Amino acid sequence: MLVLSVFLALLAALANAAASVLQRRAAATERVAPSGRRFSWLTHLLHRPVWMWGSAMLVFSGIFQAGALATGPLAVVQPVMATELLFTLVVGSVLFHRRPDTRAWWAFLAMVLGLAVFLALIHPSTGTTRVPVHRWVATGAVLLVLMVLLIVLATRLPSSPRATVLGTATAFGFSATAALMKDAVARLSDGLVALLTAWQTYAVGVVGLCSFLLLQMALRAGTLVASQPALTLGDSLMSLVLGAVLFDEHLRLGLLIIPELGALALVGAGSFQLARTPEVSGGDHGDVW
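Residues numbered from 1 in each chain as written. Predicted model: local features only at pLDDT ≥ 70, side-chain atom pairs only at ≥ 80, totals over all residues. Heavy atoms only, no water.

Quick question: what am I supposed to make of the layout of surface pockets here?
Empty pockets left among the atoms are what a rolling probe the size of a water molecule brings to light. The space that makes up the largest pocket amounts to roughly 860 Å³. What lines the largest pocket is a set of 35 residues, among which Asn16, Leu58, Ser61, Gln65 and Phe174 lie closest to the centre. At the level of secondary structure, the elements contributing two or more residues to the lining of the largest pocket comprise helix H1 (2–29), helix H3 (49–71), helix H4 (74–81), helix H5 (84–96), helix H8 (159–185), helix H10 (199–221) and helix H11 (224–247). At eight residues, H10 tops the list of elements feeding residues into the lining of the largest pocket. Residues of the lining of the largest pocket, tallied by class, amount to 17 nonpolar, 15 polar and three charged. (1 Å grid on protein atoms, 1.4 Å probe; cavity = no way out; pocket = protein on both sides within 12 Å on 5 of 7 lines; lining within 4 Å. Points joined across faces, edges and corners; volume = space filled by probe spheres on them. Helix = DSSP H or I, 4+ residues; strand = E, 2+ residues; numbered from the N terminus. Nonpolar A, V, L, I, M, F, W, Y, C, P; charged D, E, K, R; others polar.)

Structure representation (structure tokens):
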């Protein structure tokens, strides 16, 4: 089941990568309407075919991710989803007809190695599949406060730091969405009616939509280099926390935390370098998105 979970998570990451390439390209070329109304850019994006195709790919990603979360721990699925950036390199190379250079491949290997070592060391175990309501109330309140504080902080920062902070808030939102999805999918064992009447099912839509809008804001705030490492590491780390707190997934820590953090640093360094490549960023010098 763990192998199936990882496979489905990889498919979800691939679909996310395709969506990312298409939507970032649309968002980068869109400009605020002359009226200057806030969020008017979003209305324009809805009329762009490229952006809509990217949104369609997110639907497939959600289906694969739901399957992955139903068959494996949250602490495994979300870190594996970090391979989205690796797939973005491949998809971007095909779309922009560019061959990745040596630095891109070294960054690729750094991310793969760091992720493999991290998962091997932390070795998350499968916990419970359903979360008591009181855990959601406490954890959700803390997450909401953290995300609001990050968004408020972002409004006071210049472009690149703002993109990083918004990327972190987005990562927290995506990890919460994944946790809610895992809890909701578990209701399927009680039948389709149980899934459709569970509050977690609708919370996935609300939190997911808010996180999606945050992602668009992060992409517009600064370069991909500024936001992507925060998205990658923030989602992985918060998912580990939520897996342990909500689903009782056990992690190997202790003295292993030092090499585990080193492996995560390798993932972050690879993510930073990959975000600078034209195949991922969509620009000639990696500074367009």
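Is there a simple way to explain H8 in this structure?
Since the α-helix advances by 3.6 residues per turn, residues separated by three or four positions end up pointing in the same direction. Taking 1.5 Å as the rise per residue, H8 with 27 residues should run 39 Å; its terminal C-alpha atoms sit 38 Å apart, in good agreement. Burial analysis of H8 places 21 of its 27 residues in the buried class, the great majority of the element. (Expected span 1.5 Å × (residues − 1). Buried < 20%, exposed > 50% of the residue type's maximum accessible area, 1.4 Å probe, protein only.)

What should I look at first to understand a nonpolar patch on the surface in this one?
Together, Leu188, Leu192, Leu196 and Tyr202 give the surface a local cluster of nonpolar side chains, amounting to about 420 Å² of exposed area. Inspection of the secondary structure puts tyrosine 202 in helix H10. (Patch = residues over 30% accessible without salt bridge, like charges linked within 9 Å, V, L, I, M, F, W, Y side chains within 5 Å. Areas by Shrake-Rupley, 256 points an atom, 1.4 Å probe, with all protein chains shown as cover. Salt bridge = Lys/Arg side-chain N within 4 Å of Asp/Glu carboxyl O.)

Sorry if this is basic, but what is going on with the nonpolar core here?
Nonpolar side chains in soluble globular proteins tend to be buried together. Core analysis: the biggest nonpolar cluster contains 55 residues, and Leu74, Phe118, Ala179, Leu242, Leu246 and Leu274 have the highest contact counts within it. In terms of residues, this core owes the most to one element, H8, which gives eleven residues. With residues up to four places along the chain from it excluded, the contact list for phenylalanine 118 reads Leu240, Glu260, Ala263 and Leu264. (Core = buried A, V, L, I, M, F, W, Y, C linked by side-chain atoms within 4.5 Å. Contact = heavy atoms within 4.5 Å.)

Could you clarify how one ought to interpret the environment of phenylalanine 174 in this entry?
Here phenylalanine 174 lies in helix H8. Taking the relative accessible area as the measure of exposure, phenylalanine 174 reaches 26% and is therefore partly exposed. For the pair formed by phenylalanine 174 and aspartate 235, sequence separation is 61 residues and the distance between their alpha carbons is 6.7 Å.

What is the right way to look at the pattern of salt bridges in this model?
Pairing between side chains becomes possible if they bear opposite charge and their charged atoms approach one another. Taken as a whole and assessed by the stated rule, the structure comprises three salt bridges. In this structure, the salt-bridge partner of aspartate 248 is arginine 135, at a minimum N-O distance of 3.2 Å. With a gap of 113 residues between them, aspartate 248 in the loop between H11 and helix H12 (257–275) and arginine 135 in helix H7 (residues 133–154) connect regions that are remote in the sequence.

Explain the packing of aromatic side chains here, please?
In this description, a pair of aromatic rings is defined by centroid distance and the angle of the planes. Tallied over the entire structure, the rule returns two aromatic pairs. Taking the centre distance of 6.1 Å and the plane angle of 85° together, the rings of tryptophan 136 and tryptophan 199 count as edge-to-face. With tryptophan 136 in helix H7 and tryptophan 199 in helix H10, this residue pair connects regions lying 63 residues apart in the sequence. A relative accessible area of 41% means that tryptophan 199 is categorised as partly exposed. Across from the ring centre of phenylalanine 247, 5.7 Å away, lies the NZ or CZ of lysine 182, which sits over that ring. (Phe/Tyr/Trp six-rings, centres within 6.5 Å; stacked < 30°, edge-to-face > 60°. Lys NZ or Arg CZ within 6 Å of the ring centre and 35° of its normal.)

In short, geometric facts, not functional conclusions.
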